[in-house]
Amino acid sequence: MWINSAFDSGAIEVVDATDPGRVMLRLRADPPTDTPAGVVRFAQWFHFQVVGARGVPLTLRIQELSRSAYPESWPGYQAVVTEDRQSWRRAPTEIDGDELVIRYTPGSDAVWFSYFAPYDQERHQALIARAAACPGVRLRPVGRSLDGRLIDRLVIGEPGEGRRNVWVVARQHPGETMAEWWVEGFLERLLHPDDALAAALRGRAVIHVIPNINPDGAFRGYLRTNAAGANLNREWAAASAERSPEVLHTLAAMDESGVDLFLDVHGDEGLPYVFLAGAEGIPGWAPRLQLLEAELGACWRRVNPDLQLEEGYPPSAPGEADLSMGSNAVAHRYDCLGVTLEMPFKDNQNRPDPVHGWSPERSRRLGASAVDVFLELLPKLR
């Protein structure tokens, strides 16, 4: 039996794999990250392959959960597993002391386990190719990452009088792969030639979409950081070419186009809900923005009840928003609506699916529903 993570987005440390009934593993951490509270190392993401164990009952024990990035988030979590890399299901998973225990008997000699269904570079390139081939779509990368990868941006719609600029950014935290699954669903509907609402949105707005703003962290199998160990969602107040070029280049492109609506797409390790987080605490927060945020949430819940408005993060107090975070920084910089969308790594507790939990397909459908939301909100943005 072999355990392998030497591939795109792979991440695990093997402690002892001599006994298939007691395989001992450890989460691999991102590079050290400087924070106001000191240096931290984010460990939560895993993605690995087990080879040569067809028909063998596996017990995989991931140790030292207390040293993970969000140890309080593990209860209720179920790992995902696949044997065809197409359909990801939840594997029987439990907490035993300080260990995450996954039990599974493979029907194949190749099986993959992950924290959430991965979205690899090959799928990303296929998504970019499909979108870039569509009429009215321009592929305009904002720049390059520290490892030299293009930070792809798709620009849909032509600038014109009265056209609003809508920006969508996903995967600031690369382990939050549901964000790019969301983008895939959004783009597939937005670019569908037979969807009248999508055509109306394309005709009334310029939509800028960055499906993966952190390609280095995604390829390296990191949870929250880029190649330099920077948490991009804490870099928007002081982005630099040396530490966070991904944010620096994106802001330069935003300055060129302007921003009327910004959606930052994420995943949350602990809360079993789909929810929104606003920018209430920014300087200059006004009733206009409060009303827009409320209307966006109400419309989205109406068109896709997977989104709920009761559970989420507490809003920042007036004037106390963290302006190093994307949605706060963009809302403040451009006096626009800036919102963070969060999806669960677990399941949607309001509409549970015991087989798949929250899944790529539900992420995609949530993305598709954003077309209705953006179209309804456009006339009210300015």
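The structure this text deals with has already been given above.
This write-up is about the structure you can find in this document.

Calculation rules
- Residues numbered from 1 in each chain as written.
- Predicted model: local features only at pLDDT ≥ 70, side-chain atom pairs only at ≥ 80, totals over all residues.
- Heavy atoms only, no water.
- Helix = DSSP H or I, 4+ residues; strand = E, 2+ residues; numbered from the N terminus.
- Rg over C-alpha atoms; globule rule 2.2 N^0.38 Å.
- Buried < 20%, exposed > 50% of the residue type's maximum accessible area, 1.4 Å probe, protein only.
- Contact = heavy atoms within 4.5 Å.
- Areas by Shrake-Rupley, 256 points an atom, 1.4 Å probe, with all protein chains shown as cover.
- Lys, Arg positive; Asp, Glu negative; His and termini not counted.
- Charge placed at Lys NZ, Arg CZ, Asp CG, Glu CD.
- Pairing = 2+ DSSP bridges.
- Axes fitted to C-alpha atoms, helices over the stretch in contact; angles between N-to-C directions.
- Parallel < 35°, antiparallel > 145°, perpendicular 65-115°, else oblique.
- Left-handed = near helix turned anticlockwise from the far one by under 90°.
- Nonpolar A, V, L, I, M, F, W, Y, C, P; charged D, E, K, R; others polar.
- Core = buried A, V, L, I, M, F, W, Y, C linked by side-chain atoms within 4.5 Å.
- Expected span 1.5 Å × (residues − 1).
- Arc of directions from axis to C-beta.
- Salt bridge = Lys/Arg side-chain N within 4 Å of Asp/Glu carboxyl O.

Further remarks concern the overall build of the chain. Within the chain, the secondary structure is distributed over eight helices and 21 strands. Taking 21 Å as the expected radius of gyration for a compact globule of 382 residues, we find that the chain reaches 21 Å, a close match to that expectation. Each of the three principal axes of the chain carries a C-alpha extent, and together these read 65 × 50 × 40 Å. Considering the chain as a whole, with its 382 residues, one finds that 55% of them fall into the buried category. Taking the intrachain contacts of the chain between residues at least 6 apart in sequence as the baseline, contacts between residues at least 24 apart amount to 74%. Put simply, the chain shows about 15,000 Å² of open surface, and 52% of that area lies on carbon and sulfur atoms. If you average the places of the 39 positive and of the 52 negative side-chain charges in the chain, the two averages end up 3 Å apart.

Moving on to the sheet that holds strand β17 (residues 164-170). In spatial order, the strands read β13-β16-β18-β17-β19-β21-β20; together these seven strands make up an open sheet with mixed pairing. Both outer strands of the open sheet, β13 (137-139) and β20 (275-277), are each paired with one neighbouring strand and no more. The sheet shows a mean angle of 20 degrees between the axes of neighbouring strands, taken without regard to direction. In the sheet, strand β16 (residues 154-156) pairs with strand β18 (residues 205-210) via three bridges, with the strands oriented antiparallel. Bridged to I156 within β18 is I207. The strands touched by helix α6 (residues 287-303) within the sheet are β19 (261-268), β20 and β21 (337-344), with β21 carrying the most contacts at an inclination of about 35 degrees. Lying on the sheet, helix α8 (residues 360-377) is in contact with β17, β19 and β21; it crosses β21 at an angle near 160 degrees.

As a further point, take the pairing of β17. The side chains of a regular strand alternate between the sheet's two faces. Of all seven residues in β17, six are buried, a share of seventy percent or more. Pairing geometry for β17 and β19, over five bridges, is parallel. Each residue of the ladder has a partner; that of A170, found in β19, is V265.

In the contact formed by helix α5 (residues 245-257) and helix α7 (residues 326-334), the axes pass within 12 Å of each other and the chain directions differ by 30 degrees. The angle between α5 and α7 places the two elements in the roughly parallel class. Where α5 crosses over α7, the two elements pack in a sense that is right-handed. For the pair α5 and α7, contact is made by L251, M254 and D255 and by V330, R333 and Y334, respectively. Class assignment of the residues belonging to the contact of α5 with α7 gives a composition of four nonpolar, no polar and two charged.

Right, let's talk about the nonpolar core for a bit. If you look at the biggest cluster of nonpolar residues, it comprises 89 residues, and the most contacted ones within it are F46, W182, F186, W300 and L341. The element that contributes the greatest number of residues to this core is helix α2 (residues 178-190), accounting for eight residues. Dropping the residues within four chain positions of it, L341 is found in contact with W182, L263, D264, V265, H266, V274, F275, L276, W300, L307 and L366. Membership of the second largest hydrophobic core comes to 18 residues, among which are V142, I210, A253 and A329.

Attention shifts here to helix α1 (residues 121-132). Taking 1.5 Å per residue as the helical rise, α1 with its twelve residues ought to reach 16 Å, and the 16 Å between its terminal C-alpha atoms agrees with that figure. Taken as a whole, α1 has its buried residues at Q121, H124, L127, I128 and A131. In a view along the axis of α1, the buried residues occupy a sector of 120 degrees, so they form one face of it. The inward-facing, buried residues of α1 abut β13, β16, α2 and α4 (215-220).

What follows deals with the pattern of salt bridges. In total, this model carries 29 salt bridges according to the counting rule given. Between D347 and R362 there is a salt bridge, with the nearest N and O atoms lying 3.6 Å from each other. Note that D347 is positioned in the loop between β21 and α8 and R362 in helix α8, a separation of 15 residues in sequence. For D347, a relative accessible area of 16% corresponds to the buried category. Residue R362 is classed as buried on the basis of its relative accessible area, which comes to 12%. The network of salt bridges with common partners includes R123, R130, E184, E188, E361, R364 and R365.

This brings us to the sheet that holds strand β2 (residues 13-16). Two orientations exist for strands paired in a sheet by backbone hydrogen bonds: parallel and antiparallel. Ordered in space as β2-β3-β7-β11-β10, the five strands form an open sheet in which the pairing is mixed. Since the sheet does not close on itself, it has two edges, and those belong to β2 and β10 (93-96), each with one partner. The average undirected angle you get between the axes of adjacent strands in this sheet is 30 degrees. Relative to strand β11 (residues 99-104), β10 is paired through four bridges, and the arrangement is antiparallel. Residue pairing in the sheet places I95 in a bridge with L100 of β11.

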